[in-house]
Amino acid sequence: MTLLEDIHAFIDADTHDEARFNTLACQVFAHQCAEIPLVAALAKRAGKGPGSISHWSEIPAVPASAFKATQLFSGRDACRTFSSSGTSGAPKSQSAYSEEGLALMGASVRVNAARYLFPEGRTTRILVLAPSPEIAPQMIMAWGMDELIRVFGLEGSRFLIGAEGLDFKAVIGELQSAADAQLPVTLIGASFGFVHLLDGMREAGVRIECAPGSRTMDAGGYKGRSRALTRSELDSAIAEGLGVPASRALNLLGMTELASQFYDGVLARDSAEVRRKENAAWTATRVLGPESLEPLAAGERGLLMHVDLANLERPAFVRTDDIGFWDADGFEVLGRAEGTGTRGCSLSVEELVR
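The residue count restarts for each chain, going from 1 along the sequence in the order it is written. Thresholds applied to this predicted model are a pLDDT of at least 70 for local features of residues and 80 or more for the giving and counting of side-chain atom pairs; totals over whole chains, interfaces and linings are not thresholded and use all residues. To obtain the side-chain values, all non-hydrogen atoms of the structure were used and water was disregarded.

Caption draft 1: How the structure looks around the overall build of the protein chain. Helices and strands together make up the secondary structure of the protein chain, namely twelve helices and 15 strands. Put simply, the radius of gyration uses C-alpha atoms, and a globule should come to 2.2 Å times the residue count raised to 0.38. For 354 residues, the compact-globule formula gives about 20 Å, and the C-alpha radius of gyration of the protein chain, at 20 Å, lands near that figure. Expressed along its principal axes, the backbone C-alpha trace of the protein chain runs to roughly 60 × 45 × 40 Å. A simple rule labels every residue: compare its accessible area, found with a 1.4 Å probe on the protein chains alone, to the largest value its type can have, and call it buried under 20%, exposed over 50%, or partly exposed in between. Classification of the 354 residues of the protein chain by burial places 53% in the buried group. Secondary structure follows DSSP: runs of H or I at least 4 residues long count as helices, runs of E at least 2 residues long count as strands, and numbering of each begins at the N terminus.

Caption draft 2: Unusual backbone geometry, seen in detail. With phi around 55°, Asp14 is a residue other than glycine that occupies positive phi space. Structurally, the position occupied by Asp14 is in the loop between helix H1 (3–13) and helix H2 (18–35). We classify Asp14 as buried; its relative accessible area is 16%. Even without a glycine there, the phi angle at Leu293 is positive, about 60°. Note on Leu293: relative accessible area 16%, which makes it buried.

Caption draft 3: Seen up close, helix H8 (residues 191–204). Residue count minus one, scaled by 1.5 Å, sets the expected span of a helix. Helix length check: H8 (14 residues) gives 20 Å between terminal C-alpha atoms against 20 Å at 1.5 Å per residue, within 8%. If you check which residues of H8 are buried, you get Ser191, Phe194, Val195, Leu197, Leu198, Asp199, Gly200 and Met201. Note on definitions: a residue-residue contact is assigned when non-hydrogen atoms from the two residues lie within 4.5 Å. In this structure, the buried residues of H8 make contact with strand S4 (125–131), helix H7 (168–180), strand S7 (185–190), strand S8 (215–219), helix H9 (231–242) and strand S9 (249–253). Just beyond H8, the residue with positive phi is Gly205, at close to 70°.

Caption draft 4: A look at the pattern of salt bridges. Here, a salt bridge means any side-chain nitrogen of Lys or Arg that lies within 4 Å of a carboxyl oxygen of Asp or Glu. Counted under the stated rule, the structure contains 22 salt bridges. In this structure, Arg202 engages Asp199 in a salt bridge whose closest nitrogen and oxygen atoms are separated by 2.5 Å. Of this pair, Arg202 and Asp199 both sit in helix H8, separated by three residues, roughly a single helical turn. Arg202 gets classed as partly exposed once you look at its relative accessible area, which sits at 44%. Between Glu313 and Arg314 there is a salt bridge, and its shortest N-O distance comes to 3.4 Å. In terms of burial, Glu313 and Arg314 fall into one category: buried.

Caption draft 5: Representation of the nonpolar core in the model. For this analysis, a nonpolar core means a set of buried residues of the types Ala, Val, Leu, Ile, Met, Phe, Trp, Tyr and Cys, connected via side-chain atoms within 4.5 Å. Of all hydrophobic cores here, the largest spans 77 residues; its most connected members are Ile7, Met105, Leu148, Met217, Trp282, Leu309 and Phe317. With near-sequence residues (within four places) excluded, Met217 lies in contact with Leu117, Met145, Leu148, Leu187, Ile188, Gly189, Phe194, Leu250, Leu252 and Tyr263.

Caption draft 6: Summary view of the environment of Arg115. By secondary structure assignment, the location of Arg115 is in helix H5 (residues 99–116). We classify Arg115 as partly exposed; its relative accessible area is 39%. Once the C-alpha coordinates of Arg115 and Ile59 are considered, the two residues, 56 residues apart in sequence, prove to be 28 Å apart. For Arg115, the residues in contact, after removing those within four places along its chain, are Asp14 and Ala268. A 3.5 Å cut-off defines polar contacts: any pair of N or O atoms within that distance qualifies, except that in protein one atom must be a possible hydrogen donor and the other a possible acceptor, and neighbouring residues in sequence count only when both atoms are side-chain atoms. At 3.0 Å, the side chain of Arg115 and the side chain of Asp14 are in polar contact.

Caption draft 7: Quick peek at helix H3 (residues 37–46). Every buried residue of H3 is accounted for by Leu38, Val39, Leu42 and Ala43. Across the axial projection of H3, the buried residues extend over an arc of 135°, all falling on one side. Facing away from the buried surface of H3 by more than 90 degrees, the exposed residues are Pro37 and Lys44. Looking one or two places after H3, you find Gly47, whose phi comes out positive at around 70°. Each direction from the helix axis to a C-beta atom contributes to the arc, which is the arc of those directions.

Caption draft 8: How the structure looks around the environment of Glu134. Here Glu134 shows up in the loop between S4 and helix H6 (140–152). Along the primary structure Glu134 and Ala237 are separated by 103 residues, whereas in three dimensions their C-alpha atoms are 31 Å apart. Here the side chain of Glu134 touches Ser132 through a polar contact of 3.1 Å, side chain to side chain.

Caption draft 9: Structural context of the side chain of Asp235. Locating Asp235 in the fold gives a position in helix H9. Judged by its relative accessible area of 9%, Asp235 is buried. Every residue in contact with Asp235, bar those within four places of it in the chain, is listed here: Ala246, Ala249 and Arg275.

Caption draft 10: Seen up close, the pairing of S7. Judged by how many residues are buried, S7 sits mostly within the fold: five of six residues are covered. Two strands qualify as a pair provided DSSP detects at least 2 bridges between them. Relative to S7, S4 runs parallel, the two being bridged by five bridges. Along S7, the bridge assignment pairs Leu129 with Gly189. In the sheet, S7 pairs with S8 via five bridges, with the strands oriented parallel. Looking at S8, one finds that Leu187 is bridged to Thr216. Regarding topology, H8 serves as the crossover connection from S7 to the parallel S8, and that connection is right-handed. By the criterion used throughout, a crossover qualifies as right-handed when its path from the first strand across the helix to the second strand runs clockwise, the strands pointing away from the viewer.

Interpretation note: all reported values are geometric properties and have no functional meaning in isolation.
Here you go:
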């Protein structure tokens, strides 16, 4: 089988075999060194080429900021390019995909959702507080949510933000209609979108008791927003406004730079007592010291580095600017390392691009 076929099979199996993961990770690294010049340059600078490593933990990660500086794509025929949101005029991360790359991401979306969003095998009406791919073709989240609707959504599943923005009355109408019919819903959107919706419901004196089996999934954070909630505050607001308990309200970490996502494990565990992001079988996460870039022990705070084998066409080893920690239950994001002068942010990205 080809490397692409091997990764598809590994994702479909949805079982983490560390030896197999290591073999595939090293093969992906060798492929990307051959096909993506910046990956090869970084490996050469670190003195860690494909022939000198035996374990994926030795592979040097590409800083996420590099996705803003240059095109990082090993495919031959890009058919879709996603870009991150951000301040107008500021550089944005770009991620290109071929048809084969989109199919690989689709497999990641489906298998991940089956384990973490619909672990009991239930299908629901999926309502998305985001624009559709037709309206926002550059938004990777919209593409992924469209895939969720296609695979897991019952009739009536839809996106709820159109060209004119969020129609509050339409959202309430959809939620109330489903509640009256005792039809479980999955409400998905940006974290601040939930805050906006729930604030509006409270101001209007509206409360909806969603049908048993309903769930919510919020993604992202509150950067640049005037109002932010802690996780417990958002959980309480969701329970109060929608009747969905914290054990069925999960957060998703997604990145434009990666093809896979990282879910809270609360729904799979049916408990919100411990809320951590969990790694799918084909991903891994480590926490690195901001200055040393060496792995940190459980509980220590540092920069998060992700490995995503579904990111075959783009760097699969990505060091982020997110600060977090890990423990036996998974990992968590605590914030951003903005303006800290960390090595992870400044290590010769511009020089490597040149």
